[in-house]
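Commentary on secondary and tertiary structure
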Amino acid sequence: MLVDSHCHLNMEAFADDVETVVSRAHAAGVERLVTICTRLDEYPQVSAIAERFEGVYCSVGIHPHEVAREEAVTADRLLELARHPKTVAIGETGLDYYYEHSPREAQQRSFRAHIDAARRSGLPLVIHSRQADEDMEAILREETGKGAFPAVLHCFSSGKQLAHAAIELGIYVSLSGIVTFSKAEELRDIITGLPAEYILVETDSPYLAPMPHRGKRNEPAFVVHTAARGAQLLGMEEGAFARQTSDNFYRLFSKVARA
């Protein structure tokens, strides 16, 4: 059994067949799915999907791309929404210096507010980090010094330094379909050096479909391909890798009922 720790079932790509997509995931052995919020104004839609399907949970948060639209977010507001019984994480949040759709300073303020909410609630923080390794590590170290909080670097595609710094701080690393891409050799080299006890798997669907579905719409059932590649990289049997990453998920996402 596997878990898709990060997908976006509310997006337009799934508008016509979300029920079939969820059914295919369960049929493929994907027992739990977390559909991720990227804006507070979409949270009602995201939480409604979690309410609708057994085995589907959700998060609440603001993606760094969207911070300019919802810059005034507070930890208190996030905590208020996180009381929902199927809301099991804070985020996604973080830093994206590749597109910079929002000012860096605003991204950092929003990120810290989400960290505060994760620390106070005990819910895991879902972190997006792209071309921001130095600032990301600095903020994570500074904020951890104020008090620990559970977290995962989702869809990991950053450098070796950030991966090892995160694990040093007790933060998990999540593998997406990127690890199956032909040009991702550097990323695969980083993953082989990480402890299995800190690895999760995800799709980030509808984006980043793994091989052999590259170029198509991604969906949670395809996490099996990412997991197969992850098992190979860590030198594990696929069943053992599935059990390990699922155990890791339940340890981190402690509000989720184990299947």
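Our subject is the structure listed above.
A short tour of the structure in this document, coming up.

What counts and how
- Residues numbered from 1 in each chain as written.
- Predicted model: local features only at pLDDT ≥ 70, side-chain atom pairs only at ≥ 80, totals over all residues.
- Heavy atoms only, no water.
- Core = buried A, V, L, I, M, F, W, Y, C linked by side-chain atoms within 4.5 Å.
- Buried < 20%, exposed > 50% of the residue type's maximum accessible area, 1.4 Å probe, protein only.
- Helix = DSSP H or I, 4+ residues; strand = E, 2+ residues; numbered from the N terminus.
- Contact = heavy atoms within 4.5 Å.

Points about the nonpolar core
Most often, soluble globular proteins keep nonpolar side chains buried together rather than apart. In terms of nonpolar packing, the biggest core is built from 73 residues, with Leu 9, Ile 90, Phe 111 and Leu 125 touching the most fellow members. Considering each element in turn, this core owes the most residues, five residues, to helix 4 (residues 104-121). When residues no more than four places from it in sequence are discounted, the contact partners of Leu 125 are Ile 90, Thr 93, Phe 111, His 114, Ile 115, Ala 118, Phe 149, Pro 150, Ala 151 and Val 152. Counting residues in hydrophobic clusters, the runner-up holds 15 residues, among them Val 34, Ala 89, Phe 249 and Tyr 250.

Some words on unusual backbone geometry
Note the cis peptide between Gly 91 and Glu 92, where omega equals 20°. Structurally, the position occupied by Glu 92 is in strand 4 (residues 87-96). Each neighbour pair has its own omega, and for Ser 205 with Pro 206 the value is 15°, a cis peptide bond. Within the secondary structure, Pro 206 sits in the loop between strand 8 (199-201) and helix 8 (223-233). Here Glu 100, not a glycine, exhibits a phi torsion of approximately 50°, which is positive. Looking at the element boundaries, Glu 100 is found in the loop between strand 4 and helix 4. Unlike most non-glycine residues, Leu 208 shows phi in positive territory, near 60°. The residue Leu 208 is located in the loop between strand 8 and helix 8 in this model.

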